[in-house]
Amino acid sequence: REAQLLFSQPRPSRPRPATRLHATSGDPASIGIVEPLVNQLPRQERETFMGLLRFLSLPVDDVWFSAILLILVRFRLVKKLVMASQHWRRWLTTYCRRLRSQEDRSLLIEALDTNQVLQKTIRLSGGGFLRQGARLVSPAYVGDTLELGGFENMALNTEFVLCKAEGLQHGKPVFQSRNKEFMLSSAVTDQGKVWIVSPDEKFQQTKNQGSPEGWPLKRFGALLVSPVDAHLLEAPQLNWQELTESGKWILQKNAGLVKIRRPALPLQVRVMPPTAPSIVDYSDSYVQAMESPLVVWATFFLILEVIQFFFLHKASTKSLSNRIIKFMSRLRWLLTSTCACLALFRLSSRWKERRSRGKAVISDVLGVQSSQREARLSALTILMQTFVVCSWWIWVLAICGIKVGRLLLSTSVGALLLGFVGRDVLSNMLSCLVIYLTQPFAQGDWITLEQGQDGWAEEIGLFYTKVIQWDKRPLYVPNFRIVQMLVQNNSRMTNRRVRFDFKLRLQDIPKVPAIVEDIKNMMSEHPQIDSVTHRLVGWRQVGDYSANIWLSCYTKSTEQDIKLSHYIAVEQSVLERCTAIIYKHKADFASSTELTVLGGGAQEAAQVLNERNAAARIHGGKAPNGAKELTVRVVEEERDIPSRERELHDTRNAVLQAGEEQLRKQKAEVEKKEKELKDKEQELKDKEHRLAALEAEEGDEHGDEDKVKVVAEPEIAT
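Just so it is clear, the model here is predicted, and its values are computed rather than measured.

1. Section: the packing of helix α11 (residues 291–314) against helix α12 (residues 318–355)
Step number 1: Direction vectors running N to C along α11 and α12 enclose 175 degrees, while the axes themselves pass 9 Å from each other. Between α11 and α12, the angle is such that the two are roughly antiparallel. Residue-level contacts link S292, P293, V296, W297, F300, F301, L304, E305, I307, Q308, F311 and L312 of α11 to S321, I324, I325, M328, L331, R332, L335, T336, C339, L342, A343 and R346 of α12.
Step number 2: For the contact of α11 with α12, the per-class residue count stands at 17 nonpolar, four polar and three charged.

As structure tokens, then:
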């Protein structure tokens, strides 16, 4: 009973330690600053939004989150985690197959290329398949391993594996050491075929020279030589010769191929399908784009926590502490929203970089589909970034307690002044937005401007569009100028046109129909000419010295066919085939030669050449010595009239002709005016006669005997 009374007595209260005021998660001090933003929402939506804010306020109000995040980023732990997760995700897509027989292993070795990728699908004896394009993951090597030993040079006592990259040497495979320093290959000497071990550099030199038969072993750079006609299918294969440091060959009876190691069957292999996710470099990953904003946020957050801790311990009243807490909470939310906006902005830019074709690095047409895809990608990116910036601006105004409506109303006058002062800057920015939204061209397109400049749109900025011309000189065009001018987008062409004018000799006119028919057949059979668009060829014109054959067709509309290199190749192919057809019919291209003869011998030269041309026409269009027709222009020196007087004479004649032309124009205008005045005079006379007739009728009706006054005719000055 005494114990019950003792324990039932109330204990004396202990003084509680003073607790530091802090804005915890869900505290109105941290969330109430944005509450006016959601007060106008319905009750259910408002509660949902406030619950989301309380959840998001956890990293904003807890210092441990920023500290851990800063440690992970600074010590590169985030990079290691990201790369490890990619490798792990890639490993999860692999699968295992079992090689049960030697035939399965031989099929796998034959199907693998130098990068351990299957070049064809193989079926295993157990019923499984290894698909084409799959990559061998483990084991790294499934072939035979040759082990050499017993030599004095310890570097040569190593293992050799099959090297498929080098192909065959004299019909035999080539093996490479594990450290990739030596090559084991076949060579042909005077005694017969042998196996030699040589350094990799020397092997590459002899391979480039063709490795002819009968070379001495020193020229091969051989360090080891097997017996003649030895084979590497069984071990041991001894009695190999070794080259000593003194340059002498020594027969090593107990040295050579000592062992052949083959994987034990059944052998389990792990392969990776071609659809496995690729490894993205950390510098191109989304996490790396967020590193800088996260470091800035964590660093400044810790600084704000230290400042708040200092001021709270210096505060003397509770109201002052609450003010400090509210102010620091606003700063934390402002810092968080700014860093979040920066992170989203960088993420959208990184997303565009990973899907974009990049800047105009190559001077070639990339196709209409690539251009439209790039334009849509740019438009979507600029819309996302604009939405992020606008949302951040509204959020910052809400945190600072500023109403958006009042701000817009108060800044309307300033915006009006800014529009007058900086209208060029604003017009460039709005034109940039218009270019992104309307998509007339995209980054990397080949465009031609209205003034004739053409090049590649390397970059579309806020104020200028950078165009790299064909001579690699950059051209900066303001955006508002591009919106107003005509722009030709050459990258969105679907086909490239091939057009030629073949000028044949007039004497080959009887052969033209056959030539045209053969060219038509050639165009219909050409594999690189588009069959959907027109393929036209015909005899279009007979000129002064030639018969013109016109040809027009297009390349195919694939992305590869419209590239510049392929277009030039198609154009050359068509030109070569047409030339071959023309020469097949024993026709030739027309040519015109103009000869200018000065001095007194001009008439004699003209007479000789005319006689030669007449002889050529008599012989059926062929000159006696193979000469072609010549058009002669004879120029005689005018020695009687000096050059200065001749120029003055020509100038006077030109002035007189211009004066006469002007007088004729004035005379024509005067005649036209006179004709118009005569027409008006005749109209006035007709009106007077009609008026007199009307007055006479009225006088007869009322019995008036007044005479009709006659209006005098006005004088018309001419």
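2. Considerations on unusual backbone geometry
Step number 1: Put simply, S138 and P139 share a cis peptide bond, and its omega is -5 degrees.
Step number 2: You can see P139 is positioned in the loop between β4 (135–138) and β5 (145–149).
Step number 3: Positive phi values are uncommon outside glycine, yet Q116 reaches one of about 60 degrees.
Step number 4: With respect to the helices, strands and loops of the structure, Q116 is situated in the loop between α7 (102–111) and β2 (122–123).
Step number 5: When its relative accessible area of 25% is taken as the criterion, Q116 is described as partly exposed.

3. A look at a positive patch on the surface
Step number 1: Positive charge collects at one region of the surface, where R354, R355, R373 and R376 lie side by side.
Step number 2: Among the secondary structure elements, those contributing two or more residues to the positive patch are α12 and α13 (368–399).
Step number 3: In this fold, R354 is placed in helix α12.

4. A look at the nonpolar core
Step number 1: Core analysis: the biggest nonpolar cluster contains 22 residues, and I515, I519, M523, I549, L551 and V574 have the highest contact counts within it.
Step number 2: Not counting the four nearest positions on each side in its chain, V574 is found in contact with V498, F500, M522, H526, I529 and L551.
Step number 3: If you look at the next biggest cluster of nonpolar residues, it comprises 19 residues, including L69, V73, M83 and C339.

5. As for a nonpolar patch on the surface
Step number 1: A cluster of nonpolar side chains, contributed by V425, L426, M429, L462, F463, Y464 and Y476, occupies part of the molecular surface with about 650 Å² of accessible area.
Step number 2: Its place among the elements puts L426 in helix α16 (residues 423–438).
Step number 3: In this structure L426 comes out as partly exposed when scored by relative accessible area, which is 34%.

Cut-offs applied
- Positions within a chain are numbered from 1, following the residues in the order the chain's sequence is written.
- At least 70 in pLDDT is required for a residue's local features to be given in this predicted model, at least 80 for side-chain atom pairs to be given and counted, and no such filter applies to totals for whole chains, interfaces and linings, which use all residues.
- Side-chain descriptors were evaluated using all non-hydrogen atoms of the structure, hydrogens and water having been removed beforehand.
- Axis angles are defined between N-to-C directions and span 0 to 180 degrees, where every axis is a line fitted to C-alpha atoms and, for a helix, only to the segment in contact.
- Numbered from the N terminus, helices here are DSSP runs of H or I no shorter than four residues, and strands are runs of E no shorter than two.
- The scheme is simple: roughly parallel for angles under 35 degrees, roughly antiparallel for over 145, roughly perpendicular for 65 to 115, oblique for anything else.
- It only takes one pair of heavy atoms within 4.5 Å for two residues to be counted as in contact.
- In this count, Pro and Cys sit with the nonpolar residues alongside Ala, Val, Leu, Ile, Met, Phe, Trp and Tyr, while Asp, Glu, Lys and Arg are called charged and the others, Gly among them, polar.
- With a 1.4 Å probe rolled over the protein chains alone, any residue whose accessible area is under 20% of its type maximum counts as buried; one over 50% counts as exposed, and the rest are partly exposed.
- Distance thresholds for patches are 9 Å for like charges and 5 Å for nonpolar side chains (Val, Leu, Ile, Met, Phe, Trp, Tyr), applied to residues having over 30% relative accessible area and no salt bridge.
- Areas reported as accessible are Shrake-Rupley estimates using a 1.4 Å probe. Residue values count occlusion only from the protein chains shown.
- Salt bridge, as used here: a side-chain nitrogen of Lys or Arg that lies within 4 Å of a carboxyl oxygen of Asp or Glu.
- In this charge count, Lys and Arg are treated as positive and Asp and Glu as negative; neither His nor the chain ends contribute.
- One atom stands in for each charge, and that atom is NZ of Lys, CZ of Arg, CG of Asp or CD of Glu.
- The definition of a nonpolar core used throughout is a set of buried Ala, Val, Leu, Ile, Met, Phe, Trp, Tyr and Cys residues joined through side-chain atoms within 4.5 Å.

Don't take any of this as a statement about function, it's just geometry.
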